[in-house]
Amino acid sequence: MSEFANLKENQHKEKQTINKISSKILVDADACPNLVKKILFRASIRTKIKLILIANQPIKYPNVDSIKNLVVEKVFDAADNKILELLDKDDLVITSDIPLAADVIKNGASALNFRGEVFTADNIKSRLNMRDFMETMRSSGIQTKSNNPSISQNELMTFANKLDTFLTKLGY
């Protein structure tokens, strides 16, 4: 192997190590289903990636160094604001909050919802537009059906696979 190839490979390994040290998973935990939390707990215990559950109430979690619960005030957007305050570029945010996901993407990090959908720069604008449209409909008195039935086994599997893809990309 050439000296240049060795240097390039070592730089790649160093970057992965730095990413592993600095990366974390931030969870908008108040609305996070317990089955999704269990998947996140197992992933954090297995890989040692820092997992921070942000909620306006204490969340039960395994007593391991890699998992923490930050309790914020019970005021509008307190958890979202704390997530954005803690956010770094190589982080993953788990949320179903579309405006929060948009802010996460704008800040260069990754966002995944509880059903395994990855929010991207390509899909977030249409998701925001639909959310705003439905909010307008509700505020004008039009009844809208909730489109969020219980999470299915397929969705949990999709979530777990997308989480593993993120962890693998960072070298975990």
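Fair warning: this is a prediction, and the values are worked out from it, not measured in the lab.

1. Thoughts on the packing of helix 3 (residues 78-86) against helix 4 (residues 98-106)
The description of two packed helices rests on the angle between their axes and on the distance between the axes.
Thinking step 1. It is the contact of helix 3 with helix 4, at a shortest axis distance of 11 Å, that shows an interaxial angle of 10°. The angle between helix 3 and helix 4 falls in the class roughly parallel. Relative to helix 4, helix 3 is oriented so that their crossing is right-handed. Of helix 4, the residues touching helix 3 (which contributes D80, I83 and L84) are L100, D103 and V104.

2. Brief notes about helix 6 (residues 153-169)
Thinking step 1. Over its 17 residues, helix 6 runs 24 Å from end to end, which matches the ideal 24 Å to within 8%, given 1.5 Å per residue.
Thinking step 2. Taken as a whole, helix 6 has its buried residues at L156, F159, L163, F166 and L167. In a view along the axis of helix 6, the buried residues occupy a sector of 95°, so they form one face of it. More than 90 degrees from the buried face of helix 6, the exposed residues found are Q153, N154, M157, T165, T168 and K169.
Thinking step 3. Turning to helix 6, the residues buried within the fold contact strand 1 (24-28), helix 2 (34-47), strand 4 (92-94) and strand 5 (110-112).

3. Describing the sheet that holds strand 4
Thinking step 1. Spatial ordering of the open sheet is given by 3-2-1-4-5-6, a layout of six strands whose pairing is mixed. Looking at which strands have only one partner, the edges of the open sheet turn out to be strand 3 (67-71) and strand 6 (118-119).
Thinking step 2. By the bridge criterion, five bridges tie strand 2 (residues 50-55) to strand 3 in an arrangement that is parallel. By the bridge assignment for strand 3, I54 is matched with L70.
Thinking step 3. Here helix 2 sits on the sheet and contacts strand 1, strand 2, strand 3 and strand 4; the angle it forms with strand 2, its principal contact strand, is near 150°.
Thinking step 4. Along the sheet, helix 6 makes contact with strand 1, strand 4, strand 5 and strand 6, crossing strand 5 at roughly 160°.

Calculation notes
Residues numbered from 1 in each chain as written. Predicted model: local features only at pLDDT ≥ 70, side-chain atom pairs only at ≥ 80, totals over all residues. Heavy atoms only, no water. Axes fitted to C-alpha atoms, helices over the stretch in contact; angles between N-to-C directions. Helix = DSSP H or I, 4+ residues; strand = E, 2+ residues; numbered from the N terminus. Parallel < 35°, antiparallel > 145°, perpendicular 65-115°, else oblique. Left-handed = near helix turned anticlockwise from the far one by under 90°. Contact = heavy atoms within 4.5 Å. Expected span 1.5 Å × (residues − 1). Buried < 20%, exposed > 50% of the residue type's maximum accessible area, 1.4 Å probe, protein only. Arc of directions from axis to C-beta. Pairing = 2+ DSSP bridges.

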